[in-house]
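Examining the three-dimensional arrangement
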Amino acid sequence: MHYLNKTKKGTVSYAALKLDMHKAFDRVSWPFLIVVLKKFGFPIFWQNIIWECISTVTYNILINGEPSATFRPSCGLRQGDPLSPYLFILCMEILSSQLRAAAKAGSIHGIKISRYAPHITHLFYVDDVFICCKATPGSFEVLRDLFRFFELASGQMINLDKSFIKFSPNAPPDFKSHMASILKIKTSTCFGNYLGVPVDLPSKKSVVFQPLVDKMTTRIIAWSSLHLSQPSFWWRKDIRHRSIHWLSRDSLQLPRENGGLDVKSVSLLSQASLMKNFWRIHHQPSGLLAKFMIPKYKKDLPIPALRSKVFHPSFLWAGLCRAASAFSPALSWKLGNGVSVDLLRSRWINGNIPSVRPSFSAASPVLSTLLTSSGNWNHSAVFHVFESPCAKIIISMEPPHIDIDDFLYWKFTKDGVYTVRSGNSFLLSRQSFSYSPSFYSLFPWKVLWGIQCSPKLPLLVWRIVHNILPSLDNLSLRGIQIIYSALVLLLDMLLSSALGLNFVANLAVSLQRWLADHIVYFHRLKDNSDCCLLHFLCVIKAIWMVRNSVVFEDCNVNPVQILYLSTPRDQFIISTSDSLTAAPFVHF
């Protein structure tokens, strides 16, 4: 679409067709489907099974509120059946093969965005059909005949009201009208959405994606707050009510083992996903994506810079360049023949860029000049180019094998293969946070989140560690006055808990450190460590429930109730209520 929109001059114009199949699944011809299965080599046994699956369905319809008699259809695939999309894809493959045959015969010519890129004639995704070709009367007549043949054979019918054609800007208006009349499909200046995503992007992308943002906003507003997790409300903005922002978004987006809640950042996740596409382009050169993009943007490879060297790249490639530039410090080369690696500027010394001697002013050396005739490192040549510490590291490395290609690997996975999860973690690690790493390294987060219990228990401890409980001090700092202190009650009641241990409060130790020490202590117990640790968390939860009842419901503190609430029973089934008055016998 980017290439089509930029074709503003010349006599050759292009067209992109978006076809909508009318009631696609309901119009599939059963005999046609069986013939397709036979052509694909399915045995008779499989054909009979498929026939039984599609032909045994019966229907009843409501006529004036009364169900009609049962009847059997003569075509169509059942909606919602997990087998139906696969059967429909096999039927659409017939149209795809006809288009490929027409392109091979030269009857239609696909779009070719560069000299060495392949021709693209069509892209199918189930019933979403995208066709692109040179706009000539002969091509459109061939397409018209193929559509008619496919409709008669398969039972499908193109929905002319929802299908349209977009031509390149250099196509004259009269020519576009004549071409559209051949297929009897209307023209459009904007291609719209494909697979639910805008693909025909103008210079200002925010205008195109604004309906998607508005749609998501409408859905989120309609969600019930009772069905959402607590992380959804940490930085909620509500015009009607004043909200408290307890913790920064950057801290919540940290992984759980680093003290966050692993809330995904949309912007970081988008960059990590774009990086996945670049990884596919680099490591799957035989794929369609690589064959299509590499010839067009070969000036930017192997690792693109922040800005593309190609004049006016597409939005897709511009995004890939930004993502690859952000991830370049985590990409490292394993030397092979040295063709793809710049020995002076690439990261190939254990993932780092080599340090060059100031006296070396020549161009980037060829790998063969750093090797001896036997394939080992040439010590004198290496020390001549690189500084002494770097040269020593190079000599200690395995000599490269010049008969294989250079290999790009990801430093943050064991197998060297990039994953979106590891990429998202890498971007998070490069951001600055308000908490020092030493503090988070002391707290046993993996132990806390690894407990087999309701998420409410570790989440409460997590809030205590971050000091974001609505206690007297925290609420007072935010201009809200409460006449009760939660932390004092917490420490006092823990001293008399039924854990069989005598806790001695040390005022010099912070509450966060106190919790970390006891979580580690219970986790290291040899006998029933999980039960003791879970009991410890239940005590904290029970005290917090009692505190809320005292503050907000004016209840009296009853130590018997606290001990009962904090006793694990019934396989640690936790009630969904946090109120003592609503649930006097809450089971942990």
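Residues numbered from 1 in each chain as written. Predicted model: local features only at pLDDT ≥ 70, side-chain atom pairs only at ≥ 80, totals over all residues. Heavy atoms only, no water.

**A short note on the overall build of the protein**
Convention followed: Helix numbering and strand numbering both begin at the N terminus, where a helix is a DSSP run of H or I of at least 4 residues and a strand a DSSP run of E of at least 2. For the exposure calls, accessible area comes from a 1.4 Å probe over protein chains only, and a residue counts as buried if that area is under 20% of its type's maximum, exposed if over 50%, partly exposed in between. Contact definition: two residues touch when any of their heavy atoms are within 4.5 Å. All accessible areas in this document rest on Shrake-Rupley with a 1.4 Å probe, and a residue is counted as covered only by the protein chains that are shown.
Summing up its helical and strand segments, the protein has 22 helices and eleven strands in all. Across the 588 residues in the protein, those meeting the buried criterion constitute 38%. Taking contacts inside the protein between residues at least 6 apart in sequence as the whole, the part at least 24 apart equals 62%. When the accessible surface of the protein is totalled, it reaches about 33500 Å², and 57% of it is carbon and sulfur.

**Topic: the side chain of Gln 47**
Mapped onto the secondary structure, Gln 47 falls in helix 3 (residues 44–55). Setting aside residues no more than four positions away along its own chain, Gln 47 makes contact with Ile 34, Leu 37, Lys 38 and Phe 42.

**A short note on the side chain of His 122**
The following threshold applies: Polar contact is the term for a pair of N or O atoms within 3.5 Å; when the atoms are in protein, one must be able to donate a hydrogen and the other to accept it, and sequence-neighboring residues count only if both atoms are side-chain atoms.
Note on placement: His 122 falls in strand 4 (residues 122–125). Note on His 122: relative accessible area 13%, which makes it buried. Here Ser 96 takes part through its side chain, which lies 2.8 Å from a polar atom of the side chain of His 122. At 2.8 Å, the side chain of His 122 forms a polar contact with the side chain of Thr 121.

**Topic: the confidence of the model for the protein**
Keep this limit in mind: Scored from 0 to 100, pLDDT records how confident the predictor is in each individual residue.
For the protein, per-residue confidence averages 83 on the pLDDT scale, and 85% of positions sit at 70 or higher. Note that pLDDT drops below 50 for residues 484–489; the model gives that stretch 13 contacts with residues more than four away or on any other chain. In this model, residues 570–588 is a region of pLDDT below 50 whose contacts with residues beyond four sequence positions or in other chains number 44 contacts.

**Description of the packing of aromatic side chains**
Threshold: In this analysis, rings of Phe, Tyr and Trp, with Trp reduced to its six-membered ring, are considered paired at centre separations within 6.5 Å, and the interplanar angle assigns stacked below 30 degrees, edge-to-face beyond 60, and tilted for intermediate values.
All told, the structure shown has 23 aromatic pairs when counted by the stated rule. For the ring pair Phe 412 and Phe 426, a centre distance of 5.4 Å and an interplane angle of 40° mean the geometry is tilted. Taken together, the residues span a long stretch of sequence, with Phe 412 in the loop between strand 11 (407–410) and helix 14 (420–429) and Phe 426 in helix 14 at a distance of 14 residues. Through a chain of ring-to-ring contacts, three or more aromatic side chains come together here, namely Trp 279, Phe 327, Trp 410, Phe 412, Tyr 418 and Phe 426.

**Quick notes on a nonpolar patch on the surface**
Condition: The residues that make up patches have over 30% relative accessible area and no salt bridge, and they are joined within 9 Å when like-charged or within 5 Å when they are Val, Leu, Ile, Met, Phe, Trp or Tyr. One side-chain nitrogen of Lys or Arg within 4 Å of one carboxyl oxygen of Asp or Glu is enough to make a salt bridge.
Side chains of Tyr 59, Ile 61, Ile 63 and Phe 71 sit close together on the surface and give an oily, nonpolar patch of about 360 Å² of accessible area. Along the polypeptide, Phe 71 turns up in the loop between strand 3 (66–67) and helix 4 (84–104). Residue classification places Phe 71 among the partly exposed residues on the basis of a relative accessible area of 37%.

**Topic: the nonpolar core**
As a rule of thumb, nonpolar side chains are buried together in soluble globular proteins. Which entries qualify depends on this criterion: To define a nonpolar core, start from buried Ala, Val, Leu, Ile, Met, Phe, Trp, Tyr and Cys residues and group those joined through side-chain atoms within 4.5 Å.
Among the nonpolar cores identified, the biggest contains 43 residues, and Phe 327, Trp 348, Leu 370, Trp 377, Phe 386, Ile 394 and Trp 410 are the most heavily contacted of them. For this core, the secondary structure elements donating two or more residues are helix 9 (266–283), helix 10 (288–293), helix 11 (315–327), strand 10 (331–334), helix 12 (379–385), helix 13 (388–396), strand 11 and helix 14. Aside from chain neighbours lying at most four places away, what touches Phe 386 is Leu 343, Leu 344, Trp 348, Pro 354, Ser 355, Val 356, Arg 357, Leu 370, Ala 391 and Ile 394. Among the nonpolar cores identified, the runner-up in size contains 42 residues, and Phe 32, Leu 77, Cys 91 and Val 129 belong to it.

**Points about unusual backbone geometry**
Trans is the common state for peptide bonds, and a negative phi is the common state for residues other than glycine. Cis rather than trans, the peptide bond between Leu 301 and Pro 302 has omega equal to 15°. If you trace the backbone, Pro 302 turns up in the loop between helix 10 and helix 11. Positive phi, normally seen in glycine, also occurs at Asp 262, with a value near 60°. Locating Asp 262 in the fold gives a position in the loop between helix 8 (249–252) and helix 9. A positive phi angle, close to 50°, is found at His 312, a residue other than glycine. The topology assignment puts His 312 in the loop between helix 10 and helix 11. Residue His 312 is classed as partly exposed on the basis of its relative accessible area of 43%.

**Some details on the sheet that holds strand 1 (residues 14–20)**
Threshold: Note: two strands are recorded as paired if DSSP finds a minimum of 2 bridges between them. Between the N-to-C directions of two axes lies an angle of 0 to 180 degrees, each axis being a line fitted to C-alpha atoms and, for a helix, fitted only over the stretch in contact.
The five strands lie next to each other as 4-5-1-6-7, forming an open sheet whose pairing is mixed. Each having just a single partner strand, strand 4 and strand 7 (186–187) make up the two edges of the open sheet. Of the strand pairs in this sheet, strand 1 and strand 5 (residues 128–134) are connected by seven bridges, and their pairing is antiparallel. Opposite Tyr 14, over in strand 5, you have Lys 134 as the bridge partner. Where helix 5 (residues 137–154) meets the sheet, its contacts fall on strand 1, strand 5 and strand 6 (164–167), and the angle it forms with strand 5 comes to roughly 155°.

**What about the pairing of strand 11?**
Where burial is concerned, the two faces of strand 11 differ: the one with Leu 408 and Trp 410 is buried and the one with Phe 407 and Tyr 409 is not. Inspection of the sheet shows strand 10 paired to strand 11 by four bridges, in the antiparallel sense. By the bridge assignment for strand 11, Leu 331 is matched with Trp 410.

**A short note on the pairing of strand 6**
Cut-off, in case you're wondering: When the strands point away from the viewer and the connection leading from the first strand across the helix to the second strand turns clockwise, the crossover is called right-handed.
The side-chain alternation of strand 6 yields two buried faces, one formed by Phe 164 and Lys 166 and the other by Ile 165 and Phe 167. Relative to strand 6, strand 1 runs antiparallel, the two sharing four bridges. For Lys 18, the partnering residue across the bridge sits in strand 6 and is Phe 164. Across two bridges, the pairing between strand 6 and strand 7 is parallel. Along strand 7, the bridge assignment pairs Phe 164 with Lys 186. Remark: the strand 6/helix 6 (residues 173–183)/strand 7 crossover connection has right-handed handedness.

**Structural notes on helix 9**
The line we're drawing: Working rule for helices: expected span equals 1.5 Å times residues minus one. When we speak of the arc, we mean the arc of directions from the helix axis to the C-beta atoms.
Here helix 9 contains 18 residues, and its C-alpha end-to-end distance of 26 Å stays within 8% of the 26 Å for a straight helix at 1.5 Å per residue. For helix 9, the set of buried residues is Leu 268, Ala 272, Met 275, Phe 278, Trp 279 and Ile 281. Take helix 9 and look down its axis: the buried residues cluster within an arc of 165°, on one side only. If you follow the buried residues of helix 9, they end up packed against helix 10, helix 11, strand 10, strand 11 and helix 14.

**A short note on the environment of Lys 8**
In this fold, Lys 8 is placed in the loop between helix 1 (2–5) and strand 1. Its relative accessible area of 56% is what places Lys 8 among the exposed residues. Beyond its immediate chain neighbours, meaning those up to four positions away, Lys 8 contacts Pro 169 and Asn 170.

**Things to note about the pattern of salt bridges**
Summed over the entire model, instances satisfying the criterion amount to seven salt bridges. Here Glu 398 and Lys 334 are joined by a salt bridge, their closest N and O atoms 3.4 Å apart. Here Glu 398, found in the loop between helix 13 and strand 11, pairs with Lys 334, found in strand 10; they are 64 residues apart in sequence, far enough to count as distant. You can call Glu 398 partly exposed: its relative accessible area is 47%. By relative accessible area, Lys 334 is classed as partly exposed at 40%. Its salt-bridge partner being Arg 345, residue Asp 342 comes within 3.0 Å of it at the nearest N-O pair. The partly exposed category is assigned to Asp 342, whose relative accessible area is 24%. Since its relative accessible area comes to 59%, Arg 345 is described here as exposed.

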